[in-house]
Amino acid sequence: MTNFLKEITVRSREQISACFQCYRCTNGCPVAERMDIYPHRIMRYIQLGEREKVLSSKGLWECLMCNTCSIRCPNDIDVARVFETLRKVASEEGVTADDRIWGFDRLFLESIRHHGRLYELGTILNYKLQKKEFFKDAKMGITMMLKGRMGILPHRVKDKRHIKEVFERIKRR
Ligand code: SF4
Ligand code: SF4
């Protein structure tokens, strides 16, 4: 077993070595065509210890975490969880292929942690501030607000205790 395979197996708690390349994960993935490395190939490269190739893959950041691959896997490997683990490792090591996606990911999670659900307008404004892209897509944003598709104020959930617990559980993992 390569060191990389061991590391990702331990961190994701998934039996990556059980993957026998049936392609079912890739065949069901709604964004596979956008990925530079297909999901089943990512699994194979992990087995082979191709650390750099895997962690710098843009495909990791295209993943929608929809879990289709995990449900389809005949070996019960939670492929989405493996992807999530790879994203964490990539960001810890500063090798994120696209910092815009990771930046938005963090703001998205911060909004959920704070409000209990996504505050779209706040998240987008924070993102625009970070990227200094104040007017890009402004017209679309205004149209969405006028049509009632995006609220001006955040909607908060009443009991945020559970949300806090979920975030703490993830942090401990
Ligand atoms: S979780 Fe990610 S890799 Fe898996 S099917 Fe969905 S988008 Fe594709
Ligand atoms: S579905 Fe499971 S066994 Fe098949 S290629 Fe994907 S991860 Fe490997």
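About the criteria used
- Residues numbered from 1 in each chain as written.
- Chains lettered and ligands numbered in written order.
- Predicted model: local features only at pLDDT ≥ 70, side-chain atom pairs only at ≥ 80, totals over all residues.
- Near = placed C-beta within 6 Å.
- Helix = DSSP H or I, 4+ residues; strand = E, 2+ residues; numbered from the N terminus.
- Domains from an automatic or database assignment.
- Buried ≥ 20, exposed ≤ 12 C-beta atoms within 10 Å, placed from the backbone.
- Arc of directions from axis to C-beta.
- Contact = placed C-beta atoms within 7 Å.
- Nonpolar A, V, L, I, M, F, W, Y, C, P; charged D, E, K, R; others polar.
- Expected span 1.5 Å × (residues − 1).

Caption draft 1: Representation of the site of ligand 1 within the structure. Not every one of the 15 residues close to ligand 1 is listed here, only the nearest: Cys29, Cys63, Cys66, Cys69 and Ala80. Going through the elements one at a time, α6 (68-72) and α7 (79-92) are the ones with two or more residues in the shell around ligand 1. When residues of the shell around ligand 1 are assigned to their parent elements, the largest contribution, three residues, is made by α7.

Caption draft 2: Fine view of the domain arrangement of the protein chain. Here the domain parsing of the protein chain yields domain 1 (3-92) and domain 2 (99-172). Using only C-alpha atoms to locate each centre, domain 1 and domain 2 end up separated by 27 Å.

Caption draft 3: Quick peek at helix α1 (residues 3-12). Turning to α1, its buried residues are Phe4, Ile8 and Ser12. Seen from one end, α1 has its buried residues packed into an arc of 45°, which puts them on one side. Those residues of α1 that are exposed and angled more than 90 degrees off the buried face are Asn3 and Val10. If you follow the buried residues of α1, they end up packed against α3 (39-48), α4 (51-55) and α7.

Caption draft 4: Up close: the site of ligand 2. Inspection of the region around ligand 2 gives 15 residues, with Cys19, Cys22, Cys25, His40 and Cys73 positioned closest. When residues of the shell around ligand 2 are traced back to their parent elements, those giving at least two are α2 (24-28) and α3. Taken together, the residues that form the shell around ligand 2 break down as 10 nonpolar, three polar and two charged.

Caption draft 5: Representation of α7 in the model. Here α7 contains 14 residues, and its C-alpha end-to-end distance of 20 Å stays within 8% of the 20 Å for a straight helix at 1.5 Å per residue. Among the residues of α7, those classed as buried are Val79, Ala80, Val82, Phe83, Thr85, Leu86 and Arg87. Buried residues in α7 make contact with α1, α2, α3, α4, α5 (59-62) and α6. Positive phi shows up at Gly94, right after α7, with a value of about 70°.

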